[in-house]
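Spelled out, the chains give:
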Amino acid sequence: MYNTEHKRYFSHELLDWYDRNKRDLPWRRHRDPYYIWVSEIMLQQTRVDTVIPYFQRFIERFPTIEALADAPEDEVLKCWEGLGYYSRARNLQQAARQVKEQYGGMMPSGKDEVAGLKGVGPYTAGAIRSIAFNIPAPAVDGNVMRVLSRYFLIEEDIMKVRTRTHMEELVMTLIPEGRASDFSQALMELGALVCTPKSPKCLTCPVMHHCAARFEGKEEQLPIKTKAKPPRPEYRLTAIVEGSGQHQGKILVRRRPATGLLAGMWELPHVTVSADGSANLASLPEEAAMERLTGALREEGIPATAASYFMDAEHVFSHIRWHMRVYRCQYQELPSAEAWVAETAAAYEAPEAQYQWIDAQDMERYAFPNVFIRILGAYFAS
Ligand code: SF4
């Protein structure tokens, strides 16, 4: 359905441009499928500049699939700390264990085998197979769909599965013989550097002479994408429980349950005021907020009292936005200081719940989501 000449031109010019302009990225210095895999997982929803230092640290710490498979999960999460979307790290490690057990530690290249790895979706499978093994396979993500929508003037909603399938079929007809690896990377590179979401740099684009969207003046209108729902607000009261007695100078953190959002990571104790957006923190008077937080801490078995406002913070997930109000809380030492831990662990959301007293140095040892790193950083600097 698309003009063969235009397709040939696209592939030829794109590869020619890529050969001359490709960025020197750490994962491009090797064809090791493990490196490609790690980089592709890290690059999901994350910018290249952010990923580079994480990738280098991760590969240094876990240089092989086997090393990753054998590592304690805590260490993997710690290495991922700050990168967000932590289920990616847990899935990556579980998949490494799959590769170790089922394929003797060698990354498979077959379509079903790669797609069967935990956390590997159609895009990542296509990227690994094409980039690492030079197998013609479509790696179609939002960047690639943007470029194809524009060049071929595809006015279909890219959020629809049918559109993605259509684009995957199209990509398969564009890959030049023997150059699957470069072609996948070239398409991604064009989307990242030239055919950008806003203000595409058409005048320097290697395929501008046959770009249909540019001829029609529609490059800014494409791709067509139905808007995702905005994240649902959740309002949370958060406690910095300051230790006394033997815990003087330390604060209390707890570990999240082993499954679900931010599984296995560490956090400050907090309580939800409203999970459906029906009430917000602005409507909650200060005194009532502190009373509520104190009550929640006591229910959790933590003998502490909210004492003063510290800061507000926000954390945005793909589907939820946490609005957090943080209070300093005073801990009252019990006769048996640790007794409540054992008593209340079972009452907390998960049986494996754990609590720890930490100081600034201890932050090196525990993996925290970004919002808690910000709060703890502000607290320890205060
Ligand atoms: S000419 Fe412009 S819209 Fe077309 S592919 Fe190039 S950068 Fe994108």
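The chain appears in an unreviewed UniProt entry as Adenine DNA glycosylase from Paenibacillus campinasensis. The heading Catalytic activity (unreviewed entry) in the UniProt record of the chain holds the text "Hydrolyzes free adenine bases from 7,8-dihydro-8-oxoguanine:adenine mismatched double-stranded DNA, leaving an apurinic site." Of the chain, the UniProt comment under Function (unreviewed entry) reads exactly: "Adenine glycosylase active on G-A mispairs."

### Remarks on the packing of helix α2 (residues 33–43) against helix α6 (residues 87–103)
One way to put it is that α2 packs onto α6 with a least axis distance of 10 Å and a crossing angle of 160°. Comparing the axis directions of α2 and α6 gives the class roughly antiparallel. Crossing of α2 over α6 shows right-handed handedness. When α2 is examined against α6, the residues W37, V38, I41, M42 and L43 are found in contact with a partner set consisting of R88, L92, A95, A96 and V99.

### As for the packing of helix α9 (residues 142–151) against helix α10 (residues 161–174)
Two numbers describe how α9 lies on α10: the axes approach to 11 Å, and their chain directions differ by 75°. By the angle class used here, α9 and α10 are roughly perpendicular. Together, M145, L148 and S149 of α9 and R164, M167, L170, V171 and L174 of α10 make up the contact between the two elements.

### Some words on the pattern of salt bridges
A full pass over the atoms with the stated rule returns 23 salt bridges. Residue R20 is joined to D16 by a salt bridge in which the shortest nitrogen-to-oxygen separation is 3.1 Å. You can see R20 and its partner D16 sitting in helix α1 (residues 4–21), four residues apart, about one turn around the helix. For R20, a relative accessible area of 59% gives the class exposed. By relative accessible area, D16 is classed as partly exposed at 33%.

### Some remarks on the pairing of strand β5 (residues 304–316)
The two faces of a sheet get side chains in turn, since along a regular strand they alternate between them. Two strands pair when backbone bridges link them, and β5 and strand β6 (residues 320–331) are joined in this way by eleven bridges, in the antiparallel orientation. Paired with M311 across the strands is V326, a residue of β6. Linking two consecutive strands that pair antiparallel, namely β5 and β6, is a turn of three residues.

The rules behind each value
Chains are numbered independently. Their residues run from 1 in the order of the written sequence. Given that the model is predicted, a residue must reach a pLDDT of at least 70 before its local features are reported, and side-chain atom pairs must reach 80 or more before they are shown or counted; all residues, however, enter totals for whole chains, interfaces and linings. Only hydrogens and water are removed before side-chain values are computed, so all heavy atoms of the structure are retained for them. UniProt positions are given in the numbering used here, feature names are shortened, and annotations may be inferred rather than shown by experiment. Helix axes use the C-alpha atoms of the stretch in contact, all axes being lines fitted to C-alpha atoms, and the angles between their N-to-C directions lie in the range 0 to 180 degrees. A run of H or I in DSSP becomes a helix once it reaches four residues, and a run of E becomes a strand once it reaches two; helices and strands are each numbered from the N terminus. For classification purposes, angles smaller than 35 degrees are called roughly parallel, those larger than 145 roughly antiparallel, those between 65 and 115 roughly perpendicular, and all remaining angles oblique. Working rule for handedness: look at the near helix, and if it is turned counterclockwise from the far one by less than a right angle, call the crossing left-handed; if clockwise, right-handed. In what follows, residue pairs with any heavy atoms lying within 4.5 Å of each other are defined as contacts. Between Lys or Arg on one side and Asp or Glu on the other, a salt bridge is scored when a side-chain nitrogen of the former is within 4 Å of a carboxyl oxygen of the latter. Think of it in three bands: residues with accessible area under 20% of the maximum for their type are buried, residues over 50% are exposed, and the middle band is partly exposed, with areas taken using a 1.4 Å probe on protein chains only. What makes two strands pair is DSSP finding at least two bridges between them.

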